[in-house]
Amino acid sequence: MEAAPPTSGVAALNKKLLHLIGGACALALASVQPAAAQSQTDPGSPAAERATESLRDQQLRSGGVRSGASQRTSRRAPAAPRPEEVVAAAQRQLESAGIECQVQEAINPGVAGDAQVYEVACLDAPGYILVASEPPQTFNCLELAGSAYVSQIEDPEADTGQQCSLPANQNGLELIGGWAREAGVTCRLDEALAIGKTSGGETVYEVGCDGVDGYHLDKTAEGWRAQDCLLVVAGQGVCRFTTPDEQKATVQAKLAGTEAADCAVEQFRLMGQNDNGRFFEVKCAAAGEGYVARIKDDVAQQIYSCATAQNIGGGCTLTQTPAAATSEQ
């Protein structure tokens, strides 16, 4: 994952937590429609605004976010809670927020005003940073890392806000990869990240594959759904973990066993699709050689040379067919 490392120090924690509460977890991607944020993570909700105002007022009175270990008072500082007490407290807060999570590990890096702040690692699920305000505010570790990645692409100097630091929360490839397998993805995964939200509010993930086309993933009522990047990019979307060469290799493999098997794919385009499959135009490295391939269920069902494909989707536009061959049709 590309999450920025946590910064130590009370002042840095203050700044990052305020940034977090202020809405640093929003994800952005042109091809993914943003959805109304869920109540437990919506920094623009009235409850969140009240919490933010309360935190700022208390910081003016008390000097900001404070860590119990660094707080100097005239009274003896209370004993630090035991690890199991931190886990139990974090579990209660997550249940209060309606988050399903079996807490495996939790830390308490400090407080924001009077609200305790926790980072929790969950069993077989994403971890969270949560602010034990009223109501609790929760921030998904995968979404925070995705937001940081997108922000730093746009501005390498961008402040990415508080990020999850527990080693158990650096598990994005494992978690997202498991969901990709459920969706039928069989390639060897090498990258995975949360990249945005659907119009229905579900988080969208991208996975990269070693040497071949990658996918976008989202959760539906029927389960996890994968959309290959060939289709995403054809629809003007973005796949950051898939290169043009990986996509050419994917199209090349679909031509195996056909009369176009010897075509060294130089360019391709998705022409359209219907119930009979997808139609790709393929330009080969050899001058004047190109094909239209009808592919269904990941297998080429029919191959047309560009010289005979004028009536299919407007014909070939990447390959200039010899005039003599064209005139014969």
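Throughout what follows, the structure given in this document is the object of discussion. Only a predicted model underlies this, so the values are computations on that prediction, with no experimental measurement involved.

What about the overall build of the protein chain?
And then number 1: Across its full length, the protein chain carries 8 helices and 12 strands.
And then number 2: A separation threshold of at least 6 residues defines the contact pool for the protein chain, and within that pool the share at least 24 residues apart is 48%.
And then number 3: Carbon and sulfur atoms provide 47% of the accessible area of the protein chain, an area that totals close to 17000 Å².

Brief notes about the state of the cysteines
And then number 1: Evaluation of the coordinates by the stated rule reveals 6 disulfides.
And then number 2: Between C101 and C122 runs a disulfide, and the two sulfur atoms are separated by 2.0 Å. Across the S-S bond linking C101 and C122, the dihedral sits near -100 degrees, which makes this disulfide left-handed. In this pair, C101 is assigned in the loop between helix 3 (83-96) and strand 1 (103-112) and C122 in strand 2 (residues 115-122), connecting sequence segments 21 residues apart.
And then number 3: Using a relative accessible area of 10% as the deciding quantity, one classes C101 as buried.

Overview of the pattern of salt bridges
And then number 1: In the structure shown here, the tally under the stated rule is 10 salt bridges.
And then number 2: D298 serves as the salt-bridge partner of K254, at 2.2 Å between the closest nitrogen and oxygen. With a gap of 44 residues between them, K254 in helix 7 (residues 244-254) and D298 in the loop between strand 11 (290-296) and strand 12 (299-305) connect regions that are remote in the sequence.
And then number 3: Classification of K254 as buried rests on a relative accessible area of 12%.
And then number 4: Between E281 and R269 there is a salt bridge; the shortest N-O distance is 2.6 Å. With E281 in strand 10 (residues 277-284) and R269 in strand 9 (residues 265-274), this residue pair connects regions lying 12 residues apart in the sequence.
And then number 5: Using a relative accessible area of 0% as the deciding quantity, one classes E281 as buried.
And then number 6: Through salt bridges with shared partners, a single ionic network connects R82, E84 and E85.

Description of unusual backbone geometry
And then number 1: Here E134 and P135 are connected by a cis peptide whose omega angle stands at 0 degrees.
And then number 2: Inspection of the secondary structure puts P135 in the loop between strand 3 (125-131) and strand 4 (137-140).
And then number 3: Despite not being glycine, Q236 shows a phi value in the positive range, around 70 degrees.
And then number 4: Along the chain, Q236 turns up in the loop between helix 6 (229-234) and helix 7.
And then number 5: Judged by its relative accessible area of 67%, Q236 is exposed.
And then number 6: A positive phi angle, close to 55 degrees, is found at D297, a residue other than glycine.

What counts as what
- Sequence positions are assigned chain by chain, starting from 1 and proceeding in written order.
- Per-residue local features are limited, in this predicted model, to residues with pLDDT of at least 70; the limit for side-chain atom pairs, both in listing and counting, is 80 or more; totals at the level of whole chains, interfaces and linings are taken over all residues.
- The side-chain figures draw on all heavy atoms in the structure; neither hydrogens nor water molecules are used.
- Counting from the N terminus, the helices are the DSSP runs of H or I reaching at least four residues and the strands are the DSSP runs of E reaching at least two.
- Should any heavy atoms of two residues lie within 4.5 Å, those residues are considered in contact.
- Each accessible area is a Shrake-Rupley result for a 1.4 Å probe, and residues are judged covered by the shown protein chains and nothing else.
- Two cysteine sulfur atoms form a disulfide, by the criterion used here, when they sit within 2.5 Å.
- Exposure categories follow from relative accessible area, calculated using a 1.4 Å probe and restricted to protein chains: below 20% of the type maximum is buried, above 50% is exposed, and the middle band is partly exposed.
- A side-chain nitrogen of Lys or Arg and a carboxyl oxygen of Asp or Glu constitute a salt bridge if their distance falls within 4 Å.

Scope: geometric values only; no functional claims are made or implied.
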